[in-house]
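# Geometric and topological summary
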Amino acid sequence: MSTQLLVLFALMFAVTYPSRAVPLLVPGVERLPDRALTYLRLVGPAVLASLAAANSLVFTSADGTRSLQLGVPALAVAVCAAIVAWRRNLLLGLAVAVIIVALARAVGLA
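## Comments concerning the overall build of the protein chain
The secondary structure content of the protein chain amounts to 4 helices and 2 strands. Here the contacts in the protein chain between residues at least 6 apart in sequence split such that 25% fall between residues at least 24 apart.

## Considering the packing of helix 3 (residues 72-87) against helix 4 (residues 90-106)
Orientation of helix 3 relative to helix 4, taken along the N-to-C sense of each, is 155 degrees, at an axis distance of 8 Å. On the basis of the axis angle, helix 3 is roughly antiparallel to helix 4. Seen along the crossing, helix 3 lies across helix 4 with a hand that is right-handed. Residue-level contacts link Val72, Pro73, Ala76, Val79, Cys80, Ile83, Val84 and Arg87 of helix 3 to Leu90, Leu92, Gly93, Leu94, Val96, Ala97, Ile100, Val101 and Ala104 of helix 4.

## A word on the nonpolar core
Listed in full, the 6 residues of the largest apolar core are Val72, Ala76, Cys80, Ala97, Val101 and Ala104. At the level of secondary structure, the elements contributing two or more residues to this core comprise helix 3 and helix 4. Dropping the residues within four chain positions of it, valine 101 is found in contact with Val72, Pro73 and Ala76.

## Brief notes about helix 4
When the terminal C-alpha atoms of helix 4 are compared, their 24 Å separation across 17 residues agrees well with the 24 Å that a helix rising 1.5 Å per residue should span. Within helix 4 the residues assigned to the buried category are Gly93, Ala97, Val101 and Ala104. One side of helix 4 holds all its buried residues, which, seen down the axis, span an arc of 65 degrees. With respect to the buried face of helix 4, the exposed residues turned more than 90 degrees away are Leu91, Val98, Leu103 and Ala106.

## Side note on the packing of aromatic side chains
Counted by the stated rule, this structure contains 2 aromatic pairs. Measuring from centroid to centroid gives 5.0 Å for phenylalanine 13 and tyrosine 17, while their planes differ by 20 degrees, and the two rings are stacked. One end of the pair is phenylalanine 13 and the other is tyrosine 17, both in helix 1 (residues 3-25) and 4 residues apart, which spans about a single turn. Look at phenylalanine 13 and you get partly exposed, because its relative accessible area is 42%. Accessibility expressed as a relative area gives 35% for tyrosine 17, which makes it partly exposed. Taken together, the aromatic side chains of Phe9, Phe13 and Tyr17 make up a single cluster linked through ring pairs. Sitting over the face of the ring of tryptophan 86, arginine 87 holds its NZ or CZ atom 5.2 Å from the ring centroid.

Reading the values: the criteria
Residues numbered from 1 in each chain as written. Predicted model: local features only at pLDDT ≥ 70, side-chain atom pairs only at ≥ 80, totals over all residues. Heavy atoms only, no water. Helix = DSSP H or I, 4+ residues; strand = E, 2+ residues; numbered from the N terminus. Contact = heavy atoms within 4.5 Å. Axes fitted to C-alpha atoms, helices over the stretch in contact; angles between N-to-C directions. Parallel < 35°, antiparallel > 145°, perpendicular 65-115°, else oblique. Left-handed = near helix turned anticlockwise from the far one by under 90°. Core = buried A, V, L, I, M, F, W, Y, C linked by side-chain atoms within 4.5 Å. Buried < 20%, exposed > 50% of the residue type's maximum accessible area, 1.4 Å probe, protein only. Expected span 1.5 Å × (residues − 1). Arc of directions from axis to C-beta. Phe/Tyr/Trp six-rings, centres within 6.5 Å; stacked < 30°, edge-to-face > 60°. Lys NZ or Arg CZ within 6 Å of the ring centre and 35° of its normal.

In C-alpha cells:
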C-alpha cells in the first residue's frame, strides 16, 4: 500500500468524520433546525454514493474516442440501491453489494 493512499485516507477522514459524528457526540442535536438535521442525515448516503460513482463508472480514452464502461461495481451499486429502497435497510444493501463484487472478483469477472 502506498503512503499516498494513507494520506488520502487521513484527509478524507478528517473532512467527513466531523459531520458524521455530530449526532453521536453533540448532546441535544435533535433541537437543531430541520434543515440541519436533514443535512446530517444525508451526509452518509451522499458519501457512499460518491464512492460508488467513482468506483463504478470508468471513462476511457483510446485513439481519441471516449466510452463509458459499466461493470460489476455498477451492477452492485444498482442492486444496493434497489435493496435499500425496497427494505429500507442500508446495511443489507451494502452487504449484498459487497458480496456481489467479491464473488465477481473470485471468479475473475471484476
